[in-house]
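Spelled out, the chains give:
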Amino acid sequence: GFPLGTTGWITASEVEGESKVVGAKVVYQGREMVVSKGVDSDGDLKLVDAVQTGVLAIAKALEVNGVLTTLNLGRNKIGDE
């Protein structure tokens, strides 16, 4: 399989959105995704779940934060639930 929240190579025509460049927000199978690998010579691209990109950004910021001691993410509507 693929890492959680990612796709393998999929046909770019299956993706809804004006731009298919890396970092562009698109919709695939009803989910908001972000292009992680741009369209290749076969017309395929890879995507990552948009919510996951936000979570990973928070995690990366916390790695270098020397001040924050707690972070409550309850009731923030991250994800499907």
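Residues numbered from 1 in each chain as written. Predicted model: local features only at pLDDT ≥ 70, side-chain atom pairs only at ≥ 80, totals over all residues. Heavy atoms only, no water.

### Description of the sheet that holds strand β1 (residues 10–11)
Part 1 of the reasoning: Overall, antiparallel pairing links the four strands, which are arranged β1-β4-β3-β2 in an open sheet. Two strands close off the open sheet at either side, each with one partner strand: β1 and β2 (25–28).
Part 2 of the reasoning: Two elements, β1 and strand β4 (residues 44–49), share two bridges in a ladder whose sense is antiparallel. In the sheet register, Thr-11 faces β4, and the bridge partner there is Asp-44.
Part 3 of the reasoning: Sheet strands touched by helix α1 (residues 50–64): β3 (31–37) and β4. Its angle to β4, the strand with the most contacts, is close to 60°. (Pairing = 2+ DSSP bridges. Helix = DSSP H or I, 4+ residues; strand = E, 2+ residues; numbered from the N terminus. Contact = heavy atoms within 4.5 Å. Axes fitted to C-alpha atoms, helices over the stretch in contact; angles between N-to-C directions.)

### Digging into the pattern of salt bridges
Part 1 of the reasoning: Under the defined criterion, the tally for this structure stands at two salt bridges.
Part 2 of the reasoning: For Glu-32, the salt bridge goes to Lys-25, with nearest N and O atoms at 3.9 Å.
Part 3 of the reasoning: Relative accessible area serves as the criterion here: at 60%, Lys-25 is assigned to the exposed category. (Salt bridge = Lys/Arg side-chain N within 4 Å of Asp/Glu carboxyl O. Buried < 20%, exposed > 50% of the residue type's maximum accessible area, 1.4 Å probe, protein only.)

### Regarding a nonpolar patch on the surface
Part 1 of the reasoning: A contiguous nonpolar patch, built from Ile-58, Leu-62, Leu-68, Leu-71 and Leu-73 and spanning about 390 Å² of accessible area, is present on the exposed surface.
Part 2 of the reasoning: Its location among the elements puts Leu-71 in the segment after α1. (Patch = residues over 30% accessible without salt bridge, like charges linked within 9 Å, V, L, I, M, F, W, Y side chains within 5 Å. Areas by Shrake-Rupley, 256 points an atom, 1.4 Å probe, with all protein chains shown as cover.)

### Overview of unusual backbone geometry
Part 1 of the reasoning: You will see that Gln-29, though not glycine, has its phi angle at about 50°, which is positive.
Part 2 of the reasoning: Mapped onto the secondary structure, Gln-29 falls in the loop between β2 and β3.

### Focus: the side chain of Asp-44
Part 1 of the reasoning: When you line up the elements, Asp-44 lands in strand β4.
Part 2 of the reasoning: No salt bridge is formed by the buried Asp-44, whose closest oppositely charged neighbour, Lys-46, lies at an N-O distance of 10 Å.
Part 3 of the reasoning: For Asp-44, the residues in contact, after removing those within four places along its chain, are Trp-9, Ile-10, Thr-11, Ala-12, Gly-38 and Val-39. (Lys, Arg positive; Asp, Glu negative; His and termini not counted.)

### Brief notes about the nonpolar core
Part 1 of the reasoning: Within the largest apolar cluster, ten residues are counted, these being Ile-10, Ala-12, Val-15, Ala-24, Val-26, Tyr-28, Met-33, Val-35, Leu-45 and Leu-47.
Part 2 of the reasoning: Secondary-structure elements contributing two or more residues to this core are β2, β3 and β4.
Part 3 of the reasoning: Excluding residues within four positions of it along the chain, Val-15 makes contact with Ile-10, Lys-20, Val-26, Val-27, Tyr-28, Leu-45 and Leu-47. (Core = buried A, V, L, I, M, F, W, Y, C linked by side-chain atoms within 4.5 Å.)

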